[in-house]
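Here are the chains, one letter per residue:
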Amino acid sequence: MIKKLFLFALAINLTACAELQQVINELPQSGGVNNTDIASGLRQALDFGIDKQVSKLTQEDGFFKNELVKILLPEELQKVDKALRDIGLSKLADEGLKVLNRAAEDAVKEATPIFIDAVKGITFNDAKNILLGNDNAATNYLNTKTESALYAKFNPVIKNSFSKVGADDIWKNLITKYNNLPFTKEVNTDLTDYVTHEALEGVYTMIAVEEKEIRTKLSSRTTDLLKKVFALQD
């Protein structure tokens, strides 16, 4: 019985997707929405996500006070954080976390031009697949198109930022204190690479937030184009 119900639900889902695909394939004659509208609507949605959400990450505490993207210590250093707090050095541990997030905030300022180029490159076929996709299909598209370029941009910025905000000295002090504690195993980790990846993940997380809003909330479709295009996936 359960198997039959599952197959019935799957058939309904596939039928719905097929119907939506047919509507999109016939767009030039469908509700005044043409191929150009579809691509433009997806570009606009991504532009809004970049402008509204990614820009927040470039502000002071954009990462540090945002629980969705706050950069915590890598697993190898979590014991450093705990050990320092256990001996009354919570303030130093907090400062160590803060400078990691500050470096990410600096790096994200380099992201917008790369995103803009990727958004400009969206074709109708890209847009059609995105529209038929899940709640973060557009974000996944951007991830595929921009991750390598963003890593190359972010990594040196984060490395320089560590020097600018004093992260090098703070972490040298923090890890030295930890390594001097009795019965501890010395720790050494590549924080620049770690924070680069965490910053990238934070950027895509925030774009996905805006994409889901536009897909699921009519009130978030603030232009006629967004209303017209995303009505096709409702």
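Note: the structure precedes this text.
Quick look at the structure, then.

The rules behind the values
- Residues numbered from 1 in each chain as written.
- Predicted model: local features only at pLDDT ≥ 70, side-chain atom pairs only at ≥ 80, totals over all residues.
- Heavy atoms only, no water.
- Helix = DSSP H or I, 4+ residues; strand = E, 2+ residues; numbered from the N terminus.
- Buried < 20%, exposed > 50% of the residue type's maximum accessible area, 1.4 Å probe, protein only.
- Contact = heavy atoms within 4.5 Å.
- Areas by Shrake-Rupley, 256 points an atom, 1.4 Å probe, with all protein chains shown as cover.
- Core = buried A, V, L, I, M, F, W, Y, C linked by side-chain atoms within 4.5 Å.
- Axes fitted to C-alpha atoms, helices over the stretch in contact; angles between N-to-C directions.
- Parallel < 35°, antiparallel > 145°, perpendicular 65-115°, else oblique.
- Nonpolar A, V, L, I, M, F, W, Y, C, P; charged D, E, K, R; others polar.
- Polar contact = N/O pair within 3.5 Å; in protein donor to acceptor, adjacent residues only side chain to side chain.
- Expected span 1.5 Å × (residues − 1).
- Bend = angle between axes of the 7 residues up to and from the residue.
- Salt bridge = Lys/Arg side-chain N within 4 Å of Asp/Glu carboxyl O.
- Left-handed = near helix turned anticlockwise from the far one by under 90°.

Moving on, we come to the overall build of the chain. Along the chain, the regular secondary structure elements total 10 helices and 0 strands. Written out in order from the N terminus, the α and β elements of the chain read α-α-α-α-α-α-α-α-α-α. Evaluated residue by residue, the chain yields a buried proportion of 43% over its 234 residues. If you take every contact in the chain between residues at least 6 apart in sequence, the share linking residues at least 24 apart comes to 81%. In the structure as shown, the chain presents an accessible area of about 12900 Å², 52% of it carried by carbon and sulfur atoms.

The subject of this paragraph is the nonpolar core. Counting residues in each nonpolar core, the largest one holds 65 residues, and the members touching the most others are Phe-115, Phe-154 and Trp-171. Examining the composition of this core, we find that 10 residues originate from one element, helix α9 (residues 191-216), more than from any other. Apart from residues no more than four positions distant in its own chain, Phe-154 is found in contact with Ala-107, Val-108, Ala-111, Thr-196, Ala-199, Leu-200 and Val-203.

The subject of this paragraph is the packing of helix α3 (residues 75-86) against helix α8 (residues 167-179). Close contact between α3 and α8 brings their axes to 10 Å; oriented N to C, the two are set at 75 degrees. When the interaxial angle is binned, α3 and α8 end up roughly perpendicular. Between α3 and α8, the contacting residues are Leu-77, Lys-79, Val-80, Ala-83 and Leu-84 on the first element and Trp-171, Leu-174, Ile-175, Lys-177 and Tyr-178 on the second. Of the residues contributing to the contact of α3 with α8, the split by class is 8 nonpolar, no polar and 2 charged.

Along the chain, the position of Glu-211 falls in helix α9. Polar side-chain contacts of Glu-211 include one of 3.1 Å to the backbone nitrogen of Ala-137.

An ideal rise of 1.5 Å per residue puts 33 Å on 23 residues; helix α2 (residues 35-57) measures up with 33 Å between its terminal C-alpha atoms. Where α2 bends most, at Ile-50, the angle is about 25 degrees.

In this section: the pattern of salt bridges. Summed over the entire model, instances satisfying the criterion amount to 12 salt bridges. One salt bridge in this structure joins Lys-65 and Asp-61, with 3.6 Å as the shortest N-O distance. Judged by its relative accessible area of 63%, Lys-65 is exposed. Classification of Asp-61 as buried rests on a relative accessible area of 15%. Two residues, Asp-86 and Lys-82, come together in a salt bridge whose shortest N-O distance is 2.9 Å.

What follows covers the environment of Val-33. Among the structural elements, Val-33 can be located in the loop between α1 (2-25) and α2. With a relative accessible area of 2%, Val-33 lands in the buried category. Residues Val-33 and Leu-232 lie 199 residues apart in sequence; the distance between their C-alpha atoms is 9.2 Å.

Time to look at the packing of helix α4 (residues 90-108) against α8. The axes of two packed helices give the description: the angle between them and the distance between them. The contact between α4 and α8 brings their axes to 10 Å, and the two run at 140 degrees. Classified by the angle between their axes, α4 and α8 sit oblique to one another. Considering the relative orientation of α4 and α8, their crossing is left-handed. Between α4 and α8, the contacting residues are Leu-92, Ala-93, Glu-95, Gly-96, Leu-97, Val-99 and Leu-100 on the first element and Ala-167, Ile-170, Trp-171, Asn-173, Leu-174 and Lys-177 on the second. Residues belonging to the contact of α4 with α8 are distributed by class as follows: 9 nonpolar, 2 polar and 2 charged.

By the secondary structure assignment, Gln-53 is in helix α2. Look at Gln-53 and you get buried, because its relative accessible area is 5%. With residues near it in sequence (within four places) discarded, Gln-53 still touches Phe-48, Met-206, Ile-207, Val-209 and Glu-210.

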